[in-house]
Amino acid sequence: MKLYEPGTDNVPTGKYLEVGPQGGKLQNPRHATIRVSGHRLPPVSPDTHNKWKHTSGRTD
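Residues numbered from 1 in each chain as written. Predicted model: local features only at pLDDT ≥ 70, side-chain atom pairs only at ≥ 80, totals over all residues. Heavy atoms only, no water.

### Description of the side chain of E18
With respect to the helices and strands, the residue E18 is situated in strand β2 (residues 14–19). For the buried E18, no salt bridge exists, and the shortest N-O distance to an oppositely charged side chain is 4.3 Å, to R30. Polar side-chain contacts of E18 include one of 3.0 Å to the backbone nitrogen of S45. Beyond its immediate chain neighbours, meaning those up to four positions away, E18 contacts L26, P29, R30, V44, S45, T48, N50, K51 and W52. (Helix = DSSP H or I, 4+ residues; strand = E, 2+ residues; numbered from the N terminus. Buried < 20%, exposed > 50% of the residue type's maximum accessible area, 1.4 Å probe, protein only. Lys, Arg positive; Asp, Glu negative; His and termini not counted. Salt bridge = Lys/Arg side-chain N within 4 Å of Asp/Glu carboxyl O. Polar contact = N/O pair within 3.5 Å; in protein donor to acceptor, adjacent residues only side chain to side chain. Contact = heavy atoms within 4.5 Å.)

### Quick notes on the pairing of strand β4 (residues 51–56)
On any regular strand, side chains alternate: one points to one face of the sheet, the next to the other face. Relative to β4, strand β1 (residues 3–4) runs antiparallel, the two being bridged by two bridges. Paired with L3 across the strands is K53, a residue of β4. With five bridges connecting them, β2 and β4 associate as antiparallel partners. Along β4, the bridge assignment pairs Y16 with H54. (Pairing = 2+ DSSP bridges.)

### Brief notes about the packing of aromatic side chains
Counted according to the given criterion, the structure contains one aromatic pair. Residues Y4 and Y16 carry aromatic rings whose centres are separated by 5.8 Å and whose planes lie at 80 degrees to one another, so their mutual orientation is edge-to-face. A residue pair is termed long-range when its members are at least 10 positions apart, and Y4 in strand β1 and Y16 in strand β2 qualify at twelve residues. Note on Y16: relative accessible area 1%, which makes it buried. (Phe/Tyr/Trp six-rings, centres within 6.5 Å; stacked < 30°, edge-to-face > 60°.)

### Here we look at the pairing of β2
Bridging between β2 and strand β3 (residues 31–34) involves four bridges; their strand directions are antiparallel. Residue pairing in the sheet places K15 in a bridge with T33 of β3.

Below, the structure is given as structure tokens:
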């Protein structure tokens with residue numbers, strides 16, 4: 001499982017889920033969808049060291 005830092009460029013398209021610094025589940029995670037290859041991941045919750053986890057290659 002690869003984790004991505006907030007603001008990472010050129011990530012694969014698909015859906016992403018905010019996870020803890022080591023990939024653990026969060027109570028109220030944010031979700032992001034990257035529809036165009038080359039776009040940047042958004043910021044995570046303030047005052048955390050959370051990351052993004054790629055959950056799906058589909059962008060429905």
